[in-house]
Amino acid sequence: MENNSNNQPLTQFILDQIRNSDGIPFRQFMQHCLYHPDYGYYMSARRRIGRYGDFYTSSSVHSLFGRLVARQIVQMWQIMGGGAFTVVEQGAGEGELAADILDYISAVEAQMYSNLRYIVVEISQDNRRRQQENLSAHGGVVDWCAFADLPRFSGCFLSNELLDAFAVDIVEKHAGELSQVYVTEKDGAFAEELRTPVAADIREHFATLGVEPVEGNRAEVCTAVRDWVEAVAAKLERGFVVTIDYGYPAQELYAPFRRHGTLLCYHRHQANDNPYQHIGCQDITSHVDFTAVQQFGAAAGLDSVYFAEQYRFLLALGFVEELLELQRHSNDEKEALAMRMTLKNLIMPEGGMGETFKVLIQSRGVKVPQLLCQRRLSEIPLEVFSG
Ligand SMILES: C[S@@+](CC[C@H](N)C(=O)[O-])C[C@H]1O[C@@H](n2cnc3c(N)ncnc32)[C@H](O)[C@@H]1O
């Protein structure tokens, strides 16, 4: 287990790849750093999420997040007639979101629980082990399978912070022409080179979306999103796709003021913008282009039914009411305050997870009435935040 410096075998492996092919596109470099079968950040045995890891996710902040997502999933089950229902969660991390959803459904909607299959699609064997431990109480309901082996299903396809972990390319625009970052070697260290023309799939991606970075800007592009949403649409017979992640619509992601893109690395809760350090020992992420998910999804038969900031989603689903309830049950004022601060983190626009985080819901083959997450914020009692 390594935590601090570079993983040497992985560094050597990537340098060999670079030497063998005169440089590799950034997407390939990132793919090796995160998903090399033995040494990749997500594949090796390490604590990634939570206090002793490198970053927090909403589900690791408090179980309330999962309970509110569960409330929405229960309504989806009702909308679809209340029979057999499958939840597929891809990229489940420690399994905390799954555990909170399953705890909620088993406690509140026993009939749904008895009709439920919860399938986890997880690329990392290490995470899968952790999920199996955390989900042992729901052994009869949960199963794991590779994406390719997933049967066609009706229900809900769910992910939280999956797409931001997909490998991306980096492009820059100079003198009207897009160039692409290749990772090369200089004096035994990683270096970057801008090359033209960009790969055909990058050109096609921007052409289809009708948006491109502006002159002088650097930006990421995740062409894998198209294959992903098409594959998800093909697996979903009837139901919903719920995608939670940080990101923007394309116009905002590629806005002129965003000069250096959104690529960020996380190592022990410190963010940095240097993917060429802590090789295999830090997370590398970039913000999701939600227009791409919507547009490529629409072409594959998924209708966009909801897109909003996470704070709106959580507030509409009962964040404040739940918070009041939690406070009522806590008799230690210090503990209640700490809990309030933790929970506020889920909805805080600045520095918190409330605004940059978005929730996209797509549907297929379902007539969708008003979703619970579409409740108007004016109906929510807000006195909880005073004092
Ligand atoms: C940033 S973590 C998010 C964890 C979790 N959803 C949460 O809310 O705490 C990303 C997760 O996606 C998994 N992952 C990344 N690419 C994947 C893929 N192609 N298929 C399945 N899981 C993947 C990682 O192993 C990890 O479990």
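What comes next concerns the included structure. Since the structure is predicted, the reported quantities are computational estimates derived from the model, not experimental observations.

1. A look at the overall build of the protein chain
Then, number 1: The helix and strand tally for the protein chain stands at 14 helices and 16 strands.
Then, number 2: For the protein chain, whose C-alpha radius of gyration is 21 Å, the value lies close to the compact-globule estimate of 21 Å for 387 residues.
Then, number 3: Principal axes of the C-alpha set define a box for the protein chain whose edges measure 60 × 45 × 45 Å.
Then, number 4: Across the 387 residues in the protein chain, those meeting the buried criterion constitute 57%.
Then, number 5: The long-range share in the protein chain, meaning contacts at least 24 apart out of those at least 6 apart in sequence, stands at 77%.

2. Things to note about helix H14 (residues 333–347)
Then, number 1: Taking 1.5 Å of rise per residue, 15 residues should cover 21 Å, and H14 covers 21 Å from first to last C-alpha, within 8% of that figure.
Then, number 2: Looking at H14, one finds that the buried residues are Ala336, Met339, Arg340, Leu343, Leu346 and Ile347. On an axial view of H14, the arc spanned by its buried residues comes to 105 degrees, and they lie on one face.

3. Digging into the pairing of strand E16 (residues 357–364)
Then, number 1: Burial analysis of E16 places 7 of its 8 residues in the buried class, the great majority of the element.
Then, number 2: Bridge analysis of strand E10 (residues 236–248) against E16 gives 8 bridges, and the strand direction is antiparallel. Each residue of the ladder has a partner; that of Ile244, found in E16, is Val359.
Then, number 3: Summarising the sheet, strand E15 (residues 303–309) and E16 pair through 6 bridges and their orientation is antiparallel. Of the residues in E16, the one forming a bridge with Tyr306 is Ile361.

4. Section: the sheet that holds strand E12 (residues 270–272)
Then, number 1: Spatially, E12-E11-E13 is the arrangement adopted by the 3 strands of the open sheet, whose pairing is antiparallel. Each having just a single partner strand, E12 and strand E13 (283–285) make up the two edges of the open sheet. Ignoring strand direction, the axes of neighbouring strands in this sheet form an average angle of 25 degrees.
Then, number 2: Sheet topology places strand E11 (residues 264–267) next to E13; 3 bridges connect them, and they run antiparallel. Bridge pairing in E13 places Tyr266 opposite Asp283.

5. Notes on the site of the ligand
Then, number 1: Around the ligand, a shell composed of 18 residues is seen, among which Thr57, Ser59, Glu122, Asn127 and Asn160 lie nearest.
Then, number 2: In this structure, an oxygen atom belonging to the ligand sits 2.6 Å away from a side-chain N or O atom of Glu122.
Then, number 3: Between the ligand and Asn127, the relevant distance is 2.8 Å, taken from an oxygen atom to a side-chain nitrogen or oxygen of the residue.
Then, number 4: Compared with its free state, where it exposes 600 Å², the ligand has 94% of that area covered by protein.
Then, number 5: The residue makeup of the shell around the ligand, split by class, is 8 nonpolar, 8 polar and 2 charged.

6. Some details on the packing of aromatic side chains
Then, number 1: Tallied over the entire structure, the rule returns 14 aromatic pairs.
Then, number 2: For the ring pair Phe26 and Phe29, a centre distance of 5.6 Å and an interplane angle of 45 degrees mean the geometry is tilted. With Phe26 and Phe29 both in helix H2 (residues 26–35) and 3 residues apart, the pair spans about one turn of that helix.
Then, number 3: Residue class for Phe29 comes out buried when judged on its relative accessible area of 0%.
Then, number 4: Here the aromatic rings of Phe26 and Tyr276 are separated by 6.3 Å at their centres, their planes lie at 90 degrees, and the arrangement is edge-to-face. Placement of the pair is Phe26 in helix H2 and Tyr276 in the loop between E12 and E13, with a sequence separation of 250 residues. For the pair Phe26 and Tyr276, one class covers both residues: buried.
Then, number 5: Chaining the aromatic ring pairs together yields one cluster made of Phe26, Phe29, Phe190 and Tyr276.
Then, number 6: One Lys or Arg, Arg258, reaches over the ring of Tyr248 and ends 4.1 Å from the middle of that ring.

7. So, the pattern of salt bridges
Then, number 1: All told, the structure shown has 21 salt bridges when counted by the stated rule.
Then, number 2: The partner of Lys173 in a salt bridge is Glu212, with the nearest N and O atoms 2.8 Å apart. Taken together, the residues span a long stretch of sequence, with Lys173 in strand E6 (residues 169–174) and Glu212 in the loop between helix H8 (200–209) and strand E9 (218–221) at a distance of 39 residues.
Then, number 3: For Glu212, a relative accessible area of 34% translates into the label partly exposed.

8. Quick word on the state of the cysteines
Two cysteines, two sulfur atoms, one covalent bond between them: this is a disulfide.
Then, number 1: Scanning the entire structure with this criterion turns up 0 disulfides.
Then, number 2: Cysteine Cys281 shares no disulfide, and the gap to the nearest cysteine sulfur, in Cys33, comes to 9.6 Å.

9. Structural notes on empty space enclosed by the protein
Then, number 1: As enumerated under the stated definition, the model contains 1 cavity of 30 Å³ or more in all.
Then, number 2: Looking at the largest cavity, it is lined by 14 residues, and the ones nearest its centre are Val221, Cys222, His287, Val288 and Asp289.
Then, number 3: Residues of the lining of the largest cavity, tallied by class, amount to 9 nonpolar, 3 polar and 2 charged.

10. Examining the layout of surface pockets
Then, number 1: If you add up the space inside the largest pocket, you get close to 770 Å³.
Then, number 2: Contributing to the lining of the largest pocket are 39 residues, with Tyr35, Gly91, Ile123, Leu162 and Phe166 lying nearest its centre.
Then, number 3: Elements that contribute at least two residues to the lining of the largest pocket include exactly H2, strand E2 (85–90), helix H5 (96–108), helix H7 (125–134) and helix H9 (224–235).
Then, number 4: In terms of residues, the lining of the largest pocket owes the most to one element, H9, which gives 4 residues.
Then, number 5: Considering only residue class, the lining of the largest pocket consists of 18 nonpolar, 12 polar and 9 charged.

Scoring rules and cut-offs
Residues numbered from 1 in each chain as written. Predicted model: local features only at pLDDT ≥ 70, side-chain atom pairs only at ≥ 80, totals over all residues. Heavy atoms only, no water. Helix = DSSP H or I, 4+ residues; strand = E, 2+ residues; numbered from the N terminus. Rg over C-alpha atoms; globule rule 2.2 N^0.38 Å. Buried < 20%, exposed > 50% of the residue type's maximum accessible area, 1.4 Å probe, protein only. Contact = heavy atoms within 4.5 Å. Expected span 1.5 Å × (residues − 1). Arc of directions from axis to C-beta. Pairing = 2+ DSSP bridges. Axes fitted to C-alpha atoms, helices over the stretch in contact; angles between N-to-C directions. Near = heavy atom within 4 Å. Polar contact = N/O pair within 3.5 Å; in protein donor to acceptor, adjacent residues only side chain to side chain. Areas by Shrake-Rupley, 256 points an atom, 1.4 Å probe, with all protein chains shown as cover. Nonpolar A, V, L, I, M, F, W, Y, C, P; charged D, E, K, R; others polar. Phe/Tyr/Trp six-rings, centres within 6.5 Å; stacked < 30°, edge-to-face > 60°. Lys NZ or Arg CZ within 6 Å of the ring centre and 35° of its normal. Salt bridge = Lys/Arg side-chain N within 4 Å of Asp/Glu carboxyl O. Disulfide = S-S within 2.5 Å. 1 Å grid on protein atoms, 1.4 Å probe; cavity = no way out; pocket = protein on both sides within 12 Å on 5 of 7 lines; lining within 4 Å. Points joined across faces, edges and corners; volume = space filled by probe spheres on them.

Nothing here speaks to function; it is all geometry.
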